[in-house]
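The primary structure of each chain is shown beneath.
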Amino acid sequence: MARYLITSALPYINGVKHLGNLAGSMLPADVHARFRRMQGHEVLFICATDEHGTPAELAAAELGVSPRAYCDQFHDIQRKAGEGFGLSFDWFGRTSNPPNHRLTQHLAEALEGNRLLEERTTRQVYSNADKRFLPDRYVEGTCPFCFYENARGDQCDNCGALLDPVQLKNPRSKISGSSDVELRDTAHLFLLQSKMQEQIRAWVDRAEGWPSLARSIAYKWLDEGLIDRSITRDLAWGVKVTKDGAPRQGFDDKVFYVWFDAPIGYIGATVEWAEGKGGNWERWWRTDKGAADVTYVQFMGKDNVAFHTVSFPVTIIGSGEPWKLVDRLKAFNWVTWYGDKFSTSQRRGVFMDQALELLPGDYWRWYLMANAPESSDAAFTWEQFKDTINADLANVLGNFVNRIMKFAETKMGGVVPMEGEPGPLENELYEDLEERLARISDFHDQMEFRKAAAETRSLWVRGNEYLQLAAPWTALKTDPVRAAMVVRTGLNLCALFAATAFPFIPESAQAIRDGLGLKGDPAWPLGAKLFELVSPGAPIAVPPVLFRKIEDADVAAWSERFGGG
RNA sequence: GGUGGCGUAGCUCAGUUGGUUAGAGCGUGGGAUUCAUAACCCCAAGGUCGGUGGUUCAAUUCCACCCGCCACCA
């Protein structure tokens, strides 16, 4: 038995997440966590909302509520959406909660103690009307290169030039629209990443269990040279800047940059878990306090790889303290909407809460994992969604369970038949199943989700094939003992299918197990027990149809409502 | 603009450390069956592996350039 610490990239608080966010980190992390638990390993699965930063502050202001109230509301919405999809977090925390504040301040002070933090004065755009410094993206003005009038402070959308806000002509605040702005000196804390260059490179050199993509991204940043960057911002909403445990002089109106405190939220949420459930968080995060044998697995979108392989490691390695570092890492591309990006404003795409209004979480879970954006962006289309659900879930899995269980109910007295011994057909099936299970296990172990799903489906197909060859409906007329054997085998297959389905579609798997009278959570099936999953003589109850088919009319209605098509 | 990724059957994707007939699922066509959600099972058709050039006895697989799409650029 091993120990796995699993984290999903933290969803930002700003609104409900869409299916791409779900598919790119939270869902695969959940599938993996469930698989590891089934294997009997000790798993701690942690996630949280990432709540600080300018977008949250501005979104709250637009609604006329405090950032705290805004975050309270959306944390709750996101937590409920996650529950609706069966995400089995051991804790779903918040970066705005006290543990993360304490840890962020602690790590910053540790970095300062190691001479890795430095105060520097920079010139930034200050808005007199808004009485605040403006982040790059909230300064607009005329591009100095192409004279486009609505260039943003970080980049000109017209000519693509990368800009510094001080370069803009006629700068104005995007918040108030006021052009009463000026340049002011302001102090910020810089993290001296350049000093950590060699240590980080040595760590990356030693890292195993990363995909080549993650490695090359990390090396690219290292080859270009890590540069010192500001880790504070002129905002009110965030983690206050301290020195020696007291407010830091001159930083009253500043907080840590969201990208500094967000990944620390992985640890902060684990502390929340420990406080809430009485666990020991240091046993998972401090290698001097029991975490040395933990395998830490991170899930994230591709855009986050650099932060997880370089930026965050700078923070925790630079602290000089024995924190647990990532061991294995899985990155995803995006799910796209008919090949384009998801877009709220254009009413394009499906968001987590809306998806659950249409169909139960399992339908989405299966589709998103069977078509996971692993090697490149993956397009979501209603047509493909319909085909995948109907073929894989309704026809192959759902119908198998239904056909054999109904047969057992009507022809075998509603119990697991006791008679008969395995014949050549069963022996062949048995060998085949063992091989397939090993392959599925291997794909889960490698976190190859598409392949794991495809192989799982193929296992279900094998069950239908067996039933077709064994034909209990024929055997019933000529050899009832043989028919009993086949039905018992079929019911064992149901239990096996429920187990293999469990990481992907836990609710449906549970429904199958309930029908078979199986208690508790399923364990990952092992060869010797394949045909002993259900007890001869045990009563069974046919579950309601597991998956309804998606009709053309559904596709038409959903396309109308959500766009696409 | 720079860097990286991708471009393989109608659709979604595997694969090829260069080597006889390039694979899967869906969709399509045919067959078989009737236990089941008109489901399942079997068979078949279908691809000059983005384009051009190069290296090689041999390239879809290596190299160069080009085209298209995507991501990142602190």
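Data block above holds the structure.
Our subject in this report is the structure included herewith. (Residues numbered from 1 in each chain as written. Chains lettered and ligands numbered in written order. Predicted model: local features only at pLDDT ≥ 70, side-chain atom pairs only at ≥ 80, totals over all residues. Heavy atoms only, no water.)

## Notes on the packing of aromatic side chains
Definition in use: Geometry of aromatic contacts follows a simple scheme: Phe, Tyr and Trp rings, the Trp one being its six-membered ring, pair when their centres are within 6.5 Å, and the pair is stacked under 30 degrees between planes, edge-to-face over 60, tilted otherwise. We count a stretch as a helix when DSSP gives it H or I for four or more residues in a row; a strand needs E for two or more, and each element gets its number in order from the N terminus. The buried label applies to any residue whose accessible area, calculated with a 1.4 Å probe on protein chains only, is under 20% of its type's maximum; exposed applies above 50%, and partly exposed to all values in between.
Throughout the structure, instances matching the rule amount to 30 aromatic pairs. Between tryptophan 285 and tyrosine 296 the ring centres are 5.1 Å apart and the planes differ by 75 degrees, which places this aromatic pair in the edge-to-face class. Separated by 11 residues along the polypeptide, tryptophan 285 in helix α8 (residues 282–285) and tyrosine 296 in strand β15 (residues 294–301) bring together distant segments of the chain. Here tyrosine 296 falls in the buried class, since its relative accessible area comes to 1%. Each ring, one from tryptophan 364 and one from phenylalanine 380, has its centre 6.2 Å from the other, and the planes form 25 degrees; the classification is stacked. Of the two residues, tryptophan 364 sits in helix α11 (residues 361–370) while phenylalanine 380 sits in strand β18 (residues 378–380), which places them 16 residues apart along the sequence.

## Regarding the state of the cysteines
Using the following cut-off: Two cysteine sulfur atoms form a disulfide, by the criterion used here, when they sit within 2.5 Å.
Going through the model one piece at a time under the given rule, you end up with zero disulfides. Unpaired in terms of disulfides, cysteine 47 finds its nearest cysteine sulfur in cysteine 71, a separation of 15 Å. Relative accessible area serves as the criterion here: at 0%, cysteine 47 is assigned to the buried category.

## Brief notes about the nonpolar core
Put simply, the rule is: Buried Ala, Val, Leu, Ile, Met, Phe, Trp, Tyr and Cys residues form a nonpolar core when they are joined through side-chain atoms within 4.5 Å. What makes two residues a contact is simply this: any of their non-hydrogen atoms within 4.5 Å.
Ranked by internal contacts, the top residues of the largest apolar core, which has 158 residues, are Leu19, Trp364, Trp382, Phe385 and Leu516. Tallying contributions element by element places helix α12 (residues 382–411) first for this core, with 13 residues. Leave out the neighbours within four places in its chain, and leucine 19 touches Phe85, Phe342, Val350, Ala355, Trp364, Leu368 and Phe380. Residues Ile13, Ala59, Ala60 and Cys71 belong to the second largest nonpolar core, which totals nine residues.

## Quick look at the sheet that holds strand β7 (residues 151–152)
For clarity, the threshold we go by: Strand pairing requires that DSSP identify at least two bridges connecting the strands.
Ordered by their spatial adjacency, three strands build an open sheet running β7-β6-β8, and the pairing between neighbours is antiparallel. Every interior strand has two partners, whereas the edge strands, β7 and β8 (169–173), have only one. As judged from the two bridges shared by strand β6 (residues 139–142) and β7, these two strands associate in the antiparallel manner. Its bridge partner being in β7, glycine 141 is matched across the sheet by alanine 151.

## Considering the protein's contact with RNA strand B
Test applied: One heavy atom within 4 Å of a molecule or strand is enough for the residue carrying it to be called near that molecule or strand. The definition of a polar contact used here is a pair of N or O atoms within 3.5 Å, where within protein one atom must be able to donate a hydrogen and the other to accept one, and adjacent residues in sequence count solely through side-chain atom pairs.
The immediate surroundings of RNA strand B are formed by 37 residues, with Lys341, Ser375, Asn399, Arg403 and Lys406 found nearest. Protein-proximal atoms of RNA strand B, defined as those within 4 Å of the protein, fall in sugar or phosphate at a share of 75%. Glycine 225 places a main-chain nitrogen or oxygen 3.4 Å from a base nitrogen of RNA strand B. Elements with a minimum of two residues in the surface near RNA strand B: α6 (212–224), α12 and α14 (449–470).

## A few points about a negative patch on the surface
Rules: Surface patches are drawn from residues lacking salt bridges whose relative accessible area is over 30%; two like charges belong together within 9 Å, two nonpolar side chains (Val, Leu, Ile, Met, Phe, Trp, Tyr) within 5 Å. Where accessible areas are quoted, they stem from the Shrake-Rupley method and a 1.4 Å probe; at the residue level, only the protein chains shown are allowed to cover. We define a salt bridge as a side-chain nitrogen of Lys or Arg found within 4 Å of a carboxyl oxygen belonging to Asp or Glu. This count recognises Lys and Arg as positive and Asp and Glu as negative, with His and chain-terminal groups excluded. In this description, the location of a charge corresponds to atom NZ of lysine, CZ of arginine, CG of aspartate or CD of glutamate.
A grouping of Glu428, Glu431, Glu434, Glu435 and Glu465 is seen on the molecular surface, where their side chains present a negatively charged patch. Sorting elements by how many residues they give to the negative patch places helix α13 (residues 424–445) first, with four residues.

## Details of helix α3 (residues 67–84)
Note the threshold: How far a helix is expected to stretch is found by multiplying one less than its residue total by 1.5 Å. Arc definition: directions from the helix axis to the C-beta atoms.
Taking 1.5 Å per residue as the helical rise, α3 with its 18 residues ought to reach 26 Å, and the 25 Å between its terminal C-alpha atoms agrees with that figure. When we look at burial in α3, the residues that qualify are Tyr70, Cys71, Phe74, His75, Gln78, Ala81 and Gly82. One face of α3 carries all of its buried residues, which in axial projection span an arc of 130 degrees. Here the buried face of α3 lies against β2 (42–49), α2 (54–63), β3 (91–94) and α10 (352–358). Phi turns positive one or two residues past the end of α3, at glycine 86, with a value near 70 degrees.

## Thoughts on helix α18 (residues 552–562)
Within the sequence span of α18, burial applies to Asp554, Val555, Trp558, Ser559 and Phe562. The buried residues of α18 occupy an angular sector of 130 degrees when the element is viewed end-on, so they sit on one face. Counted as exposed and oriented over 90 degrees from the buried face of α18: Asp552, Ala553 and Glu560. Tucked inside the fold, the buried residues of α18 contact β17 (335–337), α10 and α12.

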